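Read off the chains here:
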Amino acid sequence: MRLEGKVGLVTGASSGIGAATARFFANEGMAGVIVADINDELGAQVMSEINEGGGNAIYVHLDVSDEDHWQAAVKAAVAKYGGLDVTMNNAGMSVPASRKKVEDTTLEIWNAMHAVNATGVFLGMKHSIPEMRKRGGGSIINTSSIFGIVGSGSGTAYHSAKGAVRTLTKAAAIQYASEKIRVNSIHPGFADTGMTKDLHAQPGERERRIALIPLGRMGLPEDMAWGAVYLASDESSFVTGIELVIDGGTIAQ
Ligand code: NAI
């Protein structure tokens, strides 16, 4: 019951890292979990699983790049549970058209990648902070990536957006530390999720990635979710502005 009594909103919670985190948040005693995503069908499933398992969750349709959606989602959280303590800005995407070098990246895909992966995080913080202030503090967890720290042979716009999340997190951490609103980023390494399904199905690609991981296996959504539980809990009450890398050692070498 590491999160007993807290209310937490997780974006991109219909699948992968976000779904695992929403489940863990509920298992750790959260009074309310807001499962937020654009995939309504899967999101409703995650919500039902949590509620059937004795937790307390609602699902809200939230496109993180849409400010009106954010206002409505935070309002729904407060209406149902009376406040907001934790926001995990986790929704993100990478698609074949974004896995390109600089010259091959269209402006359209550049803008689309930043809208979700970077602007979505900014809006999530912007609309969560006022509610956290009313509670006397809170915890914001932003999902970046190891690709927000190091480069690779492609994924230009993804690297840029995830890099933005890395320093945006630190800026917000400094701005709101005096109000006890902590802001940290999680940097997952390679993991099997909805986002990487097509990539990891390509011949040899999954094996190539595993060979880059010193701990010798692909990451699981749960590996990342445990990091989110720590950052959401009061166990991390002296922790703000950090980048928690969860990658099996990939970028330590
Ligand atoms: P996933 O595809 O399983 O989950 C992402 C979720 O975000 C999906 O449910 C999707 O519907 C939702 N989503 C996409 N666009 C959205 C939008 N505009 N508004 C709201 N929700 C939206 O993928 P995964 O891996 O669980 O992704 C979670 C986060 O982890 C992302 O930010 C991703 O960039 C990051 N990440 C993932 C890595 C991996 O290897 N899987 C590695 C490093 C970072």
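Scroll up to find the structure this text is about.
Thresholds, definitions, all that
Chains are numbered independently. Their residues run from 1 in the order of the written sequence. With pLDDT at 70 or above as the cut-off, local features in this predicted model cover only qualifying residues; side-chain atom pairs require 80 or more to be listed or tallied, and sums for whole chains, interfaces and linings still use all residues. Only hydrogens and water are removed before side-chain values are computed, so all heavy atoms of the structure are retained for them. Any residue with a non-hydrogen atom lying within 4 Å of a molecule or strand is treated as near it. Distance and chemistry together define a polar contact, namely a pair of N or O atoms within 3.5 Å, with one atom able to donate a hydrogen and the other to accept it when in protein, and with adjacent residues in sequence counting only for side-chain atoms on both sides. Areas reported here follow the Shrake-Rupley algorithm with a probe of radius 1.4 Å; residue values treat only the protein chains shown as occluding. The way it works is that DSSP assigns letters per residue, a run of H or I at least four long becomes a helix, a run of E at least two long becomes a strand, and they are numbered from the N terminus. Residues are grouped as follows: Ala, Val, Leu, Ile, Met, Phe, Trp, Tyr, Cys and Pro are nonpolar; Asp, Glu, Lys and Arg are charged; all remaining types, including Gly, are polar. A carboxyl oxygen of Asp or Glu within 4 Å of a side-chain nitrogen of Lys or Arg is what we treat as a salt bridge. Residue exposure (1.4 Å probe, protein chains only): buried if accessible area is under 20% of the type maximum, exposed if over 50%, otherwise partly exposed. For two strands to be treated as a pair, DSSP must find at least two bridges joining them. For every element, the axis is a line fit to its C-alpha atoms; helices are fit only across the contacting stretch, and the angle between N-to-C directions ranges from 0 to 180 degrees. Working rule for contacts: check all heavy atoms of both residues, and any pair within 4.5 Å makes them a contact.

## Concerning the site of the ligand
Looking at the ligand, there are 28 residues lining it, with S15, D37, Y158, K162 and T193 nearest. Interatomic distance of 2.8 Å between a side-chain N/O atom of K162 and an oxygen atom of the ligand. Contact between the ligand and G189: an oxygen atom at 3.5 Å from a main-chain N or O atom of the residue. Here the ligand has 830 Å² of accessible area as a free molecule, and 92% of this is covered by the chains. Only helix 1 (16-27) and helix 5 (156-176) provide two or more residues apiece to the shell around the ligand. For the shell around the ligand, the per-class residue count stands at 11 nonpolar, 14 polar and 3 charged.

## Section: the pattern of salt bridges
Opposite charge on two side chains permits them to pair, given that their charged atoms come into close proximity. Enumeration according to the criterion identifies 14 salt bridges in this entry. The salt bridge involving E179 is made with R133; its shortest N-O contact spans 2.6 Å. With E179 in the loop between helix 5 and strand 6 (181-188) and R133 in helix 4 (residues 107-134), this pair connects stretches of sequence that are 46 residues apart. Under the relative-accessibility criterion, E179 is labelled partly exposed at 26%. A relative accessible area of 39% places R133 in the partly exposed class. With a closest N to O distance of 3.0 Å, R166 and E243 form a salt bridge. Here R166 is found in helix 5, whereas its partner E243 is found in strand 7 (residues 243-246), with 77 residues between them in sequence. On the accessibility criterion, R166 (25% relative accessible area) is partly exposed. Its relative accessible area of 25% is what places E243 among the partly exposed residues.

## Structural notes on the sheet that holds strand 1 (residues 7-11)
As summarised here, the arrangement of the 7 strands in space is 3-2-1-4-5-6-7, forming an open sheet in which the pairing is parallel. Every other strand in the sheet has two partners, leaving strand 3 (57-61) and strand 7 as the edge strands with one partner each. With direction set aside, neighbouring strand axes in the sheet form an average angle of 20°. With 3 bridges joining them, strand 1 and strand 4 (residues 86-89) adopt parallel strand pairing. Following the sheet pairing, G8 is matched in strand 4 by V86.

## Details of the environment of R23
With respect to the element layout, R23 can be found in helix 1. The class of R23 is partly exposed, set by a relative accessible area of 30%. Linking R23 and G53, residues 30 residues apart in sequence, is a C-alpha distance of 9.4 Å. Sequence-distant contacts of R23, that is, excluding residues within four places in its chain, are made with V46, E49 and I50.

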